[in-house]
Amino acid sequence: MPSRSEPAAAAAAIRDAIAVSRLPWIRPLVGAYANDFGSVAPLFAGNPADPAAWRETIGRVQRASRDRARLASLLAAQQDRRGAPDAARRNAARFADPATVAVVTGQQAGVFGGPLYTVLKAVTTIQLARLIEREHGVAAVPVFWVEAEDHDWEEVRTATVLDRDFTVASLTLHALEGAGERPVGSLKLDAGIDQMISALEQLLAPTEFTTEVLGTLRRRYADGATLGTACAGWFDDLLGRHGLVVFESNDPAAKPVAADLFARELANPSRAAALVAESAAEMSRLGHAPQVEPAADAVCLFYVSDAGRQPIKRQGADYLIGETVRPASGVAAEASAHPERFSPNVLLRPLVQDRLFPTVCYVGGPSELAYQAELGPLYREMGVERPLLASRTSATLVDSAAGRFLDRHDVPYEAFQAQDELALNKLLESQLPPSVDRAIEAIGEYVGARADELKATVERIDPTLAGVIDTTFDRIRGTLDTMQTKIVQASKKKDDTLRRQFIRTRALLFPDGHPQERLLNVAFFVNRYGLTIGDRLLDALPPALDAGRAHYIVSL
């Protein structure tokens, strides 16, 4: 098992490690996988905390037959087109050796790289590959799979940042030709992308890195480039120097490797859906909500043509593609002869990935972990070696100002998520002189005690007057509460600096109430920390196999 020894630099940079159980947006499955693997073991290939699981997985992946020469060749061709760094090229060439294994992660091709968690995935993958090499003595290559075949345009067209005033601002790329119909990776950027980068420049606070970062974005996200290649090149620039091999999934040269998977799915389309449905039922039995429950007649493939990316649907014994009904045998034959015309859906995509790469571990987020939990029977059915899984590191990056605020004030991290003033009011109340709270509390206690004495006496005279005393005391208590509120409001006005610091820190931790890593774009952080942000994250973040246990607050 990879070592868990934590670098000194990491210990110094991590300000806090928050148990995932405290965070409502983290699926319980993630915590169970990291801390109670036995409770979910039937859903996965093995326990990443068990050294034997690594040895077994590495061995069977190395023994599996695959076209190593084709893999090394198509990676080299992609890297040549993008001008990938030498370290990434050397790592890609290692796949020609049958002993080399891969640690893989991936994300959709998005504008400027998508949210921060995309980089966190890649960094976790690099860390894990290094640990495997060190502990198991095998060549382990980190791979970033740019998912370029999805057609969910709305999910990838927007970049959200904090502007110079720390206000949330979103930039959205206008609809490119074919958007929403063709795979996003194949969409060609036009002059609108340069306008978007210029708008980004106006939003971002200038730093010593701004000129270089914007220049790099303009070189990658350029008029005429495809979105998939632009995203891949951006990650080459950010992490290629650390040996990250970036792969564009819509490469036609890679499709023949998966031709047999496509043909088998089309030959028996209900089988895959039935197997995943069985896993979904097992997942529910173990107390976890399935990520997907496919329809009984689902087909795990799309057909890709000039008309776009179209779902394949069963219609009796035939297939319906768009408006055309075709014999099942003809579609299956086409998948064997022309696999570049087909694209896997979310269930079959991991199998295509692991047929192409010798994957010993996949690094994913909470949703991906849940998807993978349902795929065990499908891997067995298709004859693909199933990898182990590791959770990506979950982190919030803070600057020195936010770090100082968190150090000085005892506000729980998750309390910043609410966009009301409850946490701020509690903080301001804590800043009041203790004598204020004590005095108000003492008044309430004194009046309460006297009211109880008076009530006991009056009840002997006329029991109906007891209610009047209760009502009167409630009014007094209300008056005291109002007085305390007014004091707090006066404190707010007096301490505008504390208010501004709170709002700024909240905006960084939870912009618009969303976890930072899920909303703020990669470009925002690269502008703040430079193109070498990967170097700093690799030094700062905890060991890869500890990632699923906590959410980390990290100073860079």
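Keep in mind it's a predicted model, so treat the numbers as computed, not measured.

Chemist: Any chance you could explain the overall build of the protein chain here in plain terms?
Modeler: Of the regular secondary structure elements, the protein chain holds 24 helices and 15 strands. By principal-axis analysis of the C-alpha atoms, the protein chain measures approximately 100 × 55 × 50 Å. Sequence separation of 24 or more characterises 78% of the internal contacts of the protein chain that already satisfy a separation of 6 or more. Carbon and sulfur atoms provide 51% of the accessible area of the protein chain, an area that totals close to 22,900 Å². For the protein chain, the distance from the average position of its 61 positive side-chain charges to the average position of its 71 negative side-chain charges is 3 Å.

Chemist: How should the pairing of strand S8 (residues 308-315) be read in this particular structure?
Modeler: Of the strand pairs in this sheet, strand S7 (residues 301-305) and S8 are connected by 4 bridges, and their pairing is antiparallel. From the neighbouring strand, Phe302 faces S8, where its bridge partner is Pro311. Here 4 bridges tie S8 to strand S9 (residues 318-321), and the two strands are oriented antiparallel to one another. Along S9, the bridge assignment pairs Arg314 with Tyr319.

Chemist: I tried to follow the packing of helix H9 (residues 210-220) against helix H10 (residues 227-239) on my own but got confused; where do I start?
Modeler: Helix-helix packing is described using two parameters, namely the angle between the two axes and the distance between the axes. Contact geometry for H9 and H10: axes closest at 9 Å, N-to-C directions at 145 degrees. Like other packed secondary-structure pairs, H9 and H10 cross with a definite hand, here right-handed. Note on element contacts: H10 touches H9 through Ala230, Gly233, Trp234, Asp236 and Asp237, opposite Val213, Thr216, Leu217, Arg219 and Arg220. Considered class by class, the residues forming the contact of H9 with H10 number 4 nonpolar, 2 polar and 4 charged.

Chemist: I keep staring at the sheet that holds strand S2 (residues 101-108) and nothing clicks. Help me out?
Modeler: By way of backbone hydrogen bonds, the strands of a sheet pair with one another, either parallel or antiparallel. The 5 strands lie next to each other as S6-S3-S2-S12-S13, forming an open sheet whose pairing is parallel. Either end of the sheet is taken by a strand with one partner, and the two such strands are strand S6 (245-248) and strand S13 (388-391). Neighbouring strand axes in the sheet, compared pairwise and without regard to direction, differ in orientation by 30 degrees on average.

Chemist: It is not clear to me how the packing of helix H2 (residues 28-35) against helix H15 (residues 366-373) should be interpreted in this structure. Could you clarify?
Modeler: The contact between H2 and H15 brings their axes to 9 Å, and the two run at 75 degrees. The angle between H2 and H15 falls in the class roughly perpendicular. Contacts between H2 and H15 involve Leu29, Val30 and Tyr33 on the former and, on the latter, Pro366, Leu369, Ala370 and Ala373. Across the contact of H2 with H15, the residue classes break down as 7 nonpolar, no polar and no charged.

Chemist: I keep staring at helix H13 (residues 328-337) and nothing clicks. Help me out?
Modeler: Among the residues making up H13, those that are buried are Val331, Ala332, Glu334 and Ala335. Buried residues in H13, looked at end-on, bunch into an arc of 160 degrees, giving them a common side. In H13, those exposed residues whose orientation departs by more than 90 degrees from the buried face are Ser329 and Ala337. Lining the buried residues of H13 we find helix H11 (259-267), S7, S9, strand S10 (324-327) and strand S11 (342-344).

Chemist: Before we go on, may I ask you to explain the sheet that holds strand S1 (residues 14-19) in this structure?
Modeler: An order of S1-S15-S14 is seen for the 3 strands of this open sheet, with the pairing classed as mixed. The open sheet terminates on both sides in strands that have one partner only, identified here as S1 and strand S14 (394-398). Between one strand and the next, the sheet's axes are offset by a mean angle of 20 degrees, whatever the strand orientation. Here 5 bridges tie S14 to strand S15 (residues 550-555), and the two strands are oriented parallel to one another. Across the sheet, the residue bridging to Ser394 is His551, located in S15.

Chemist: Got a minute to help me understand unusual backbone geometry in this structure?
Modeler: Peptide bonds are, in most cases, trans, and in most cases residues other than glycine have a negative phi. The backbone phi angle of Phe112 is positive, close to 60 degrees, even though this residue is not glycine. When you line up the elements, Phe112 lands in the loop between S2 and helix H6 (117-136). Its identity is not glycine, yet Phe166 carries a phi of approximately 65 degrees, on the positive side. Positionally, Phe166 belongs in the loop between strand S4 (158-162) and strand S5 (168-172). Classification of Phe166 as buried rests on a relative accessible area of 15%.

Chemist: What is the right way to look at the environment of Glu374 in this model?
Modeler: Counting through the fold element by element, Glu374 comes out in the loop between H15 and helix H16 (376-382). Between the C-alpha atoms of Glu374 and Pro311, which are 63 residues apart in sequence, the distance is 21 Å. Among residues more than four places away in sequence, those in contact with Glu374 are Val276, Ser279, Ala280, Met283, Pro290, Gln291 and Val292. One polar contact links the side chain of Glu374 to the main-chain amide nitrogen of Gln291, over a distance of 2.8 Å.

Thresholds applied
Residues numbered from 1 in each chain as written. Predicted model: local features only at pLDDT ≥ 70, side-chain atom pairs only at ≥ 80, totals over all residues. Heavy atoms only, no water. Helix = DSSP H or I, 4+ residues; strand = E, 2+ residues; numbered from the N terminus. Contact = heavy atoms within 4.5 Å. Areas by Shrake-Rupley, 256 points an atom, 1.4 Å probe, with all protein chains shown as cover. Lys, Arg positive; Asp, Glu negative; His and termini not counted. Charge placed at Lys NZ, Arg CZ, Asp CG, Glu CD. Pairing = 2+ DSSP bridges. Axes fitted to C-alpha atoms, helices over the stretch in contact; angles between N-to-C directions. Left-handed = near helix turned anticlockwise from the far one by under 90°. Nonpolar A, V, L, I, M, F, W, Y, C, P; charged D, E, K, R; others polar. Parallel < 35°, antiparallel > 145°, perpendicular 65-115°, else oblique. Buried < 20%, exposed > 50% of the residue type's maximum accessible area, 1.4 Å probe, protein only. Arc of directions from axis to C-beta. Polar contact = N/O pair within 3.5 Å; in protein donor to acceptor, adjacent residues only side chain to side chain.

By themselves, these are just geometric observations and shouldn't be taken as functional.
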